[in-house]
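Below are the chains, spelled out letter by letter.
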Amino acid sequence: EMAYVLGVVCADGCLVEHENGYHCLNITSKDLSWLEQLQQTLQAEQKIGRKRRAYQLQIRNQTLYRSLLALGLTPRKSKTLRLPSVPVDVFPDFVRGYFDGDGCVMVWREKRWQRRWQLRTTFACGSSVFLEGLRTRLSAEAGLGEGSLWFGARAYCLQYTIEDSLRLYDCMYRDGPSTLCLARKRERFERFKRLRSC
């Protein structure tokens, strides 16, 4: 669970340093129920606040804050983020957490190929170094190919097509229905699998 949370923090988390010394971790999301899951997992007593277009969980826990710094995270990390050293056995959980934060899965029917169902997954990040590290480990530990990495409108994107996306699914959700995850993203993978088998 903590590897999953670390992935979420790398994607949607922000380390904030206050002048009074009470530094904190902010996690922001449009999905309230998912943020409540994270709140429960972290056993955070702080309440979830409402922002203009999203919800925010702000955790003032100095032990947690220092642990994240020790793992290489920093305030204003978006363009400097590097892949943390995550053990092999929990790396899929980390990937799933990052994907739930800054990943995207698309399912559609392509007219050019006899209206066959297509699947594409994308990771986004302001740091190309992070995505290069992620690509290397996904290739070594989940059997994915190189995918394609480029700079989009506002961030770098690492993208995979059908077969690699299915390998990514097998990697991230290897523990079955009990897996801590953002359900709507998992459901898109499973929808593709159902449609493809029809």
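Bear in mind that the values here come from a model prediction, so they are computed numbers and not experimental data.

About the thresholds
- Residues numbered from 1 in each chain as written.
- Predicted model: local features only at pLDDT ≥ 70, side-chain atom pairs only at ≥ 80, totals over all residues.
- Heavy atoms only, no water.
- Pairing = 2+ DSSP bridges.
- Helix = DSSP H or I, 4+ residues; strand = E, 2+ residues; numbered from the N terminus.
- Axes fitted to C-alpha atoms, helices over the stretch in contact; angles between N-to-C directions.
- Contact = heavy atoms within 4.5 Å.
- Core = buried A, V, L, I, M, F, W, Y, C linked by side-chain atoms within 4.5 Å.
- Buried < 20%, exposed > 50% of the residue type's maximum accessible area, 1.4 Å probe, protein only.
- Phe/Tyr/Trp six-rings, centres within 6.5 Å; stacked < 30°, edge-to-face > 60°.
- Lys NZ or Arg CZ within 6 Å of the ring centre and 35° of its normal.
- Salt bridge = Lys/Arg side-chain N within 4 Å of Asp/Glu carboxyl O.
- pLDDT = per-residue confidence, 0-100.

### Here we look at the sheet that holds strand S8 (residues 156-160)
- Taken in spatial order, the 4 strands line up as S5-S6-S8-S7 in an open sheet, and their pairing is antiparallel. Across the chains shown, the open sheet's two edge strands, defined by having one partner strand only, are strand S5 (103-110) and strand S7 (148-151). Sheet twist, expressed as the mean angle between neighbouring strand axes with direction ignored, is 25°.
- The strands touched by helix H6 (residues 162-172) within the sheet are strand S6 (116-125) and S8, with S6 carrying the most contacts at an inclination of about 65°.
- Here helix H7 (residues 183-197) sits on the sheet in contact with S5 and S6, set at roughly 25° to S5.

### Considerations on the sheet that holds strand S1 (residues 13-16)
- In spatial order, the strands read S1-S2-S4-S3; together these 4 strands make up an open sheet with antiparallel pairing. Bordering the open sheet on either side are S1 and strand S3 (48-50), each of which pairs with just one other strand. In this sheet, neighbouring strand axes are inclined to one another by 30° on average, regardless of whether the strands run parallel or antiparallel.
- The sheet contact formed by S1 and strand S2 (residues 24-29) spans 4 bridges and is antiparallel. Within the sheet, the bridge partner assigned to Leu15 lies in S2 and is Leu25.
- Contacts from helix H2 (residues 32-41) reach S2, S3 and strand S4 (55-59) within the one sheet, and its direction differs from that of S4 by about 15°.

### Side note on the nonpolar core
- Membership of the largest hydrophobic core comes to 50 residues, with the highest contact counts inside it found for Val95, Phe123, Leu134 and Leu138.
- Sorting elements by how many residues they give to this core places helix H1 (residues 2-12) first, with 7 residues.
- When residues no more than four places from it in sequence are discounted, the contact partners of Val95 are Phe123, Leu134, Leu138, Leu168 and Met172.

### A short note on the packing of aromatic side chains
- Tallied over the full model, the rule gives 10 aromatic pairs.
- Ring geometry for Tyr169 versus Phe189: centroids 5.5 Å apart, planes at 40°, classification tilted. Taken together, the positions of Tyr169 in helix H6 and Phe189 in helix H7 put the pair 20 residues apart, joining distant regions of the chain. Take Tyr169 and Phe189: they sit in the same class, and that class is buried.
- Feature note: the residues Phe91, Phe94, Tyr98, Phe99, Phe123, Phe130, Tyr169, Tyr173 and Phe189 constitute an aromatic cluster, connected by ring pairs.
- Over the aromatic face of Tyr55 sits the side chain of Arg50, whose NZ or CZ is 4.6 Å from the ring centroid.

### Quick word on the pattern of salt bridges
- Taken as a whole and assessed by the stated rule, the structure comprises 10 salt bridges.
- In this structure, Glu132 and Arg135 form a salt bridge, with 3.1 Å as the shortest nitrogen-oxygen distance. In this pair, Glu132 and Arg135 are both assigned in helix H5 (residues 128-142), 3 residues apart and thus about one turn of the helix distant.
- Owing to a relative accessible area of 34%, Glu132 belongs among the partly exposed residues under this scheme.

### So, the confidence of the model for the protein
- Of all residues in the protein, 100% attain a pLDDT of 70 or more, and the chain-wide mean is 92.
- Mean pLDDT per element in the protein: helix H3 (residues 62-70) is the minimum at 90, and S8 is the maximum at 98.

### What about the pairing of S5?
- Bridge count between S5 and S6: 8 bridges; the pairing is antiparallel. Looking across to S6, one finds that Val105 is bridged to Thr121.
- Taken together, S5 and the strand that follows it, S6, pair antiparallel across an intervening segment of 5 residues, in which Gln114 is found at a positive phi of about 55°.

### Focus on the environment of Leu6
- Tracing the backbone through its elements, the reader meets Leu6 in helix H1.
- Through-space distance from the C-alpha of Leu6 to that of Arg115 is 39 Å; in sequence the pair is 109 residues apart.
- If we ignore the near neighbours within four places in the chain, the residues touching Leu6 are Leu68, Leu71, Leu73, Pro84, Val86 and Phe94.

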